[in-house]
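Each chain, letter by letter, is given below.
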Amino acid sequence: MQSQTSPLGEFDLIQRFFKTQSELMLANNPGQVKLGIGDDCALLKIDPTEEIAITSDMLVSGRHFFPDANPEWLGWKALAVNLSDLAAMGAKPLGFTLALALPDPNPSWLEAFSRGLFAIANEYDCPLIGGDTTAGPLNICVTAFGSIPRDKAIRRSGASEGDDIWVSGTVGDARLTLAALRHEIELSKDDLALVEARMHQPTPRLNLGIALRNVANSALDISDGLLGDLRHILKQSNKDAEIFLDRIPKSNTLLKQSQTIQNQYTASGGDDYELCFTVPSSKRDVITKISADLNLPLTQIGSIKSMQHSAPEICIIDSDGKELNSQQAGLLLKSFDHFA
C-alpha cells in the first residue's frame with residue numbers, strides 16, 4: 001500500500017473518498033438520516049413505533065484478510081458482514097459509520113476500497129453517516145444501524161422445542177476458497193471463480209430477515225461456522241438440537257470434494273454469512289413460499305429438542321442415519337476464535 005503520490009491529509013481523504021459519495025446518497029434518499037458526515041455526530045430520525053438495531057464488526061489485516069487483499073472486495077465485505085447481522089434480527093438498514101486505520105493513505109487503494117464500499121451501500125440503501133480515520137496498521141471497523149418494528153426483532157433466545165432448523169443458500173464455499181488460497185487443496189481456475197465471491201463479497205440476506213420477522217422464533221448469521229454458531233441459539237434458548245449432515249446445502253463445487261472436507265467446511269468453515277433460523281414445523285409452507293418469493297434456497301437441516309443435560313448439545317446424524325460419537329462431533333463443532 002505504498003503511496004506513489006504526495007501525502008494525502010485526513011480531511012482531504014475523507015472528502016475525496018467518502019464524504020462526497022455519502023452526500024450524494026443522502027441527497028437522493030435521506031431516509032431517516034437527518035444529518036450525515038460533517039458534524040460531531042450524525043443524527044437519525046427515530047420512528048417511535050420502531051427499535052434501533054446496532055452492530056459493529058472489525059476486520060484486521062492478517063487476521064481477517066490477507067494483507068494484499070483486493071481493496072474493492074474489502075470495502076464490500078466490511079459493510080456486508082454488518083448488514084448480515086442486521087439481517088439476522090430482521091432489521092432494515094439505516095446507515096453506517098466507518099473507522100479506518102491506514103498504514104499509508106494510498107489514493108489508488110482508497111479509490112478501490114471506497115468503490116466496493118459504496119457499491120454495497122447503494123445496493124442496500126445504507127448510507128455512510130460518519131466515522132474516523134487515522135494512521136496505523138490496516139484495520140477496518142464498521143458500525144451499522146438498522147430499524148425494526150417494535151418487539152419484532154428476531155433474537156437468538158426464542159428457539160422452541162419442535163422447531164425446524166433452517167439455513168439459507170449454501171454453506172462451505174468461503175472455507176473452500178480459503179483452503180485454495182492457502183494451497184491446502186487444489187481448485188481449478190474455473191472452480192475457484194465459482195466460489196471465491198462467497199468469501200470476498202458475501203451477500204447479506206436482508207430481505208430474508210425482514211420476511212422472517214413474524215415467522216422465525218430465533219435466528220443468527222453464520223460467521224464463525226454453522227454448528228458453532230447454532231450453539232449460540234441453543235445456549236440462549238436452553239435447548240438441544242439434532243442436525244442431519246447430509247441435509248446441509250452445498251454448492252456443486254464443494255460437492256466435488258471428499259465427504260470429509262464437505263462435512264468439515266459446511267459444519268465449521270465459517271465466513272458464509274447465510275442465515276440459520278428456527279421456525280415451528282407448522283410453518284413449513286410459509287418458508288417454502290418465502291423461498292420462492294425471494295428466489296433463495298432455504299433448507300431444513302434439523303430440529304430443536306428439549307435440553308437433556310446441564311448444557312446444550314447437538315446430536316449430529318451422518319448419511320447412514322447414525323449419530324456421530326463425541327470425538328467425531330467435536331471436530332465439526334469447532335468455530336472460529338478471534339483469539340486462538
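Here the structure is a predicted model, which means the values were calculated and not measured.

(A) Inspection of the sheet that holds strand β3 (residues 50-60) at higher detail. An order of β3-β6-β4-β5 is seen for the four strands of this open sheet, with the pairing classed as mixed. The strands lining the two open edges of the sheet, one partner per strand, are β3 and β5 (128-135). Geometrically, the sheet is characterised by an average inter-axis angle of 15 degrees between neighbouring strands, direction not taken into account. Note that strand β4 (residues 92-102) and strand β6 (residues 139-149) share nine bridges and pair antiparallel. Bridged to A101 within β6 is N139.

(B) Spatial organisation of the state of the cysteines. According to the stated counting rule, one finds zero disulfides in the structure shown. Its sulfur unpaired, C41 is 16 Å from the next cysteine sulfur, which belongs to C141. On the basis of relative accessible area, C41 is assigned to the exposed category, the value being 53%. Unpaired in this structure, C276 has its nearest cysteine sulfur neighbour in C315, at a distance of 16 Å. For C276, a relative accessible area of 0% gives the class buried.

(C) Layout of helix α9 (residues 284-294). Taken together, the buried positions of α9 are I287, I290 and S291. Seen from one end, α9 has its buried residues packed into an arc of 100 degrees, which puts them on one side. For α9, the exposed residues lying more than 90 degrees away from the buried face are D285, T288, K289, A292 and D293. Tucked into the core, α9 has its buried residues touching β7 (163-168), α6 (206-211), β10 (275-280) and β11 (298-306). One or two residues past the end of α9 sits N295, with phi positive at roughly 55 degrees.

(D) Just the pattern of salt bridges, in detail. One pass over the structure, following the stated rule, counts eleven salt bridges. Put simply, R175 and E184 hold a salt bridge, and the shortest N to O gap is 3.2 Å. For the salt bridge of R198 with E274, the shortest nitrogen-to-oxygen distance reads 2.8 Å. Here E274 lies in the loop between α8 (259-268) and β10 and R198 lies in helix α5 (residues 189-200), a separation of 76 residues in the sequence. Classification of R198 by relative accessible area gives buried; the value is 18%. Shared partners join several salt bridges into a network, and the residues in it are E72, E111 and R115.

The rules behind these values
Residues numbered from 1 in each chain as written. Predicted model: local features only at pLDDT ≥ 70, side-chain atom pairs only at ≥ 80, totals over all residues. Heavy atoms only, no water. Pairing = 2+ DSSP bridges. Helix = DSSP H or I, 4+ residues; strand = E, 2+ residues; numbered from the N terminus. Axes fitted to C-alpha atoms, helices over the stretch in contact; angles between N-to-C directions. Disulfide = S-S within 2.5 Å. Buried < 20%, exposed > 50% of the residue type's maximum accessible area, 1.4 Å probe, protein only. Arc of directions from axis to C-beta. Contact = heavy atoms within 4.5 Å. Salt bridge = Lys/Arg side-chain N within 4 Å of Asp/Glu carboxyl O.

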